[in-house]
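Examination of the molecular architecture
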Amino acid sequence: MVRNVAGLLPELEAEDFYLLSGVEQGMRFSEWVQREKLPKFSGLTEEEVDYRLERCLKRGLVEKKTIQYEGYTLQFEGYDILALRALVEQDTISEFGSPLGVGKESDVYEVRSYKPLALKYHREGYTNFREVHKERDYTSDNEHVSWMYTARKAAEREYDILEALYPDVSVPRPIGQNRHVIVMEKMDGVELSQTRLTDDQVLGVLDLLLEEIALAYETGYVHADMSEYNVFVSEDGVKIFDWPQAIPTDHENATEFLRRDLTNTLGYFRRKYPQHVPDDIDSDDVAVSIEEESFDSIAEFVS
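Position numbers for residues count from 1 along each chain, tracking the sequence in the order it is written. Selection of residues for local features in this predicted model requires a pLDDT of at least 70, selection of side-chain atom pairs for listing and counting requires 80 or more, and totals for whole chains, interfaces and linings are taken over all residues. Hydrogens and water are ignored here; the side-chain numbers use all heavy atoms of the structure.

- In the nomenclature of an unreviewed UniProt entry, the chain is known as non-specific serine/threonine protein kinase of Natronorubrum bangense JCM 10635.
- Its UniProt record, at the heading Sequence similarities (unreviewed entry), says of the chain: "Belongs to the protein kinase superfamily. RIO-type Ser/Thr kinase family."
- UniProt positions are given in the numbering used here, feature names are shortened, and annotations may be inferred rather than shown by experiment. In its Cofactor (unreviewed entry) section, the UniProt record describing the chain reads: "Mg(2+)".

A closer look at the side chain of Glu 124
- Going along the chain from the N terminus, every DSSP run of H or I of four or more residues is numbered as a helix, and every run of E of two or more is numbered as a strand. Tracing the backbone through its elements, the reader meets Glu 124 in the loop between strand 6 (116-122) and helix 5 (129-135).
- Residue burial is assigned from relative accessible area. The probe radius is 1.4 Å, only protein chains are included, and a residue is buried under 20% of its type maximum, exposed over 50%, and partly exposed in between. For Glu 124, a relative accessible area of 1% gives the class buried.
- A distance of 2.9 Å separates the side chain of Glu 124 from the side chain of His 122, its partner in a polar contact. Two N or O atoms count as a polar contact when they lie within 3.5 Å, although within protein this holds only if one can serve as hydrogen donor and the other as acceptor, and sequence-adjacent residues are included solely when both atoms are side-chain atoms.

Quick notes on helix 9 (residues 283-291)
- Of the residues making up helix 9, those classed as buried are Ser 283, Val 286, Ala 287, Ser 289 and Ile 290. The buried residues of helix 9 occupy an angular sector of 160° when the element is viewed end-on, so they sit on one face.
- Lining the buried residues of helix 9 we find helix 7 (202-219) and helix 8 (254-272).
- One side-chain oxygen of the residue at the start of helix 9 lies 3.0 Å from the amide nitrogen of Asp 284, identifying that residue as Asp 282. By construction, the arc corresponds to the directions joining the helix axis to the C-beta atoms. Throughout, a contact is declared for two residues whenever any of their heavy atoms are within 4.5 Å.

Here we look at the sheet that holds strand 8 (residues 181-185)
- Strand order in the open sheet formed by five strands is 4-5-6-8-7, with antiparallel pairing between adjacent strands. Two strands close off the open sheet at either side, each with one partner strand: strand 4 (95-102) and strand 7 (174-178). Recorded for the sheet is a direction-independent mean angle of 25° between the axes of neighbouring strands.
- What makes two strands pair is DSSP finding at least two bridges between them. The pairing of strand 6 with strand 8 spans five bridges and is classified as antiparallel. For helices, the fitted axis covers only the stretch in contact; all axes are lines through C-alpha atoms, and the angles between them, taken along N-to-C directions, range from 0 to 180 degrees.

Regarding the nonpolar core
- Ile 213, Trp 243, Leu 258, Leu 262, Phe 269, Ile 290 and Phe 295 are the most contacted members of the largest nonpolar core, which totals 46 residues.
- Broken down by secondary-structure element, the contributors of at least two residues to this core are helix 6 (147-165), strand 8, helix 7, strand 11 (231-234), strand 12 (237-240), helix 8 and helix 9.
- It is helix 7 that contributes the most residues to this core, nine residues altogether.
- Domain start and stop positions are those given by an automatic or database domain assignment. Lining this core are residues from two domains, each supplying at least three of them: domain 1 (4-183) and domain 2 (190-299). By convention a nonpolar core is built from buried Ala, Val, Leu, Ile, Met, Phe, Trp, Tyr and Cys residues, the set being connected through side-chain atoms within 4.5 Å.

Quick look at the sheet that holds strand 1 (residues 33-34)
- Read across the sheet, three strands follow the order 1-3-2 without closing on themselves; strand pairing throughout is antiparallel. One side of each edge strand has no neighbouring strand; the edge strands of this open sheet are strand 1 and strand 2 (62-66).
- With respect to the sheet, helix 3 (residues 46-58) is in contact with strand 2 and strand 3 (70-74), its orientation differing from that of strand 2 by roughly 110°.

Some details on the packing of aromatic side chains
- Stacked, edge-to-face and tilted are the three classes for Phe, Tyr and Trp ring pairs, Trp counted by its six-membered ring, which pair at centre distances within 6.5 Å; planes under 30 degrees apart are stacked, over 60 edge-to-face, the rest tilted. For the coordinates displayed, the defined rule picks out ten aromatic pairs.
- Each ring, one from Phe 76 and one from Trp 147, has its centre 4.5 Å from the other, and the planes form 35°; the classification is tilted. Highlighted residues: Phe 76 in helix 4 (residues 76-89) and Trp 147 in helix 6, separated in sequence by 71 residues.
- A ring pair is formed by Tyr 109 and Tyr 121, whose centres lie 5.9 Å apart and whose planes are at 80°; its orientation type is edge-to-face. With Tyr 109 in strand 5 (residues 106-112) and Tyr 121 in strand 6, this pair connects stretches of sequence that are twelve residues apart.
- Look at Tyr 109 and you get buried, because its relative accessible area is 2%.
- Of the residues examined, Tyr 121 reaches a relative accessible area of 2% and is grouped as buried.
- Put simply, the rings of Phe 76, Tyr 79 and Trp 147 touch in pairs and so form one group of aromatic residues.
- Put simply, a charge is over a ring when the Lys NZ or the Arg CZ is close to the ring centre, within 6 Å, and near the line of the ring normal, within 35 degrees. When the ring centre of Phe 17 is taken as reference, the NZ or CZ atom of Arg 85 above it lies at 4.2 Å.

Observations concerning the side chain of Asp 16
- By secondary structure assignment, the location of Asp 16 is in helix 1 (residues 14-26).
- Excluding residues within four positions of it along the chain, Asp 16 makes contact with Arg 52, Arg 55 and Cys 56.

Here's the deal with the domain arrangement of the chain
- The domain architecture assigned to the chain consists of domain 1 (4-183) and domain 2 (190-299).
- Computed from C-alpha coordinates alone, the two centres of domain 1 and domain 2 are separated by 33 Å.
- Tallying the contact residues gives 17 residues for domain 1 and 16 residues for domain 2.
- By convention in these notes, a salt bridge is any Lys or Arg side-chain nitrogen within 4 Å of a carboxyl oxygen on Asp or Glu. Put simply, domain 1 and domain 2 have one salt bridge between them.
- One salt bridge in this structure joins Lys 120 and Asp 242, with 2.6 Å as the shortest N-O distance.
- Linking domain 1 to domain 2 there are seven residue pairs in polar contact (both at pLDDT 80 or more).
- Those elements giving two or more residues to the side of domain 1 that touches domain 2 turn out to be strand 6 and helix 6.
- A per-element tally of the side of domain 1 that touches domain 2 places helix 6 first, with seven residues.

Topic: unusual backbone geometry
- Put simply, Tyr 166 and Pro 167 share a cis peptide bond, and its omega is 5°.
- Within the fold, Pro 167 resides in the loop between helix 6 and strand 7.
- A positive phi is found at Glu 293, a non-glycine position, where the angle reads about 55°.
- Following the sequence through the fold, Glu 293 ends up in the segment after helix 9.
- On the accessibility criterion, Glu 293 (52% relative accessible area) is exposed.

In structure tokens form, the structure reads like this:
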């Protein structure tokens, strides 16, 4: 888990951010930025660069390495604080709160503005960059590809998808995005995996979830990673989150991913509520109904 650096914001000065932004700019071309290039990238004098490097090293925002040259790279904490400062300056957030969830590829915190919101740091590639880079198409011919670039592209992609889906599909309302960070509506309710539905709720919640999958398909996207861990259930219904890996419906593998999402969804309900979910609800049949935009409810698949 990457350290929460929100508390460092009051300690840092404008010139510290110039230095961090300079390292960020240099990392577009190389993982380690030569010390000699930092005055050019940051707009600071040689003496000021030395002073600011010392401050940022002390706070764990950059890392130093001597290879053929003296080089510097951003730690994820340095990237975090650049994004936080930008979001504060844009009046997107004003206060930073407690963790809401920590995952393999993201950390989510409560933040405040005019109301409680959720801030999501994308962490794709930080600990396992090669695997993520292989699986997801975030590459560019014009930039040095790094964990930083990978995480930023994931955040940009998810934000764009949320904007396309909201409000027609029940997803968190997107509020803002900077670098590898998304700010969105804080969701009410409980994660589906932690919910124990009553007998008369099971098919109703399953029906709502399948309807949202169908609506997302009509809007142009397949989630492609559906599970009980990215659905919230509340009195108002269901809400699907975590969309960075979603694919458009004109993708060559869209049908395959739609069927996999439906198989995962039906499979979870069958395992947890075997007495309530009939075996004759077939994921392939539901997929065909969704693709033909004729899905109404799961009742049509129950004999």
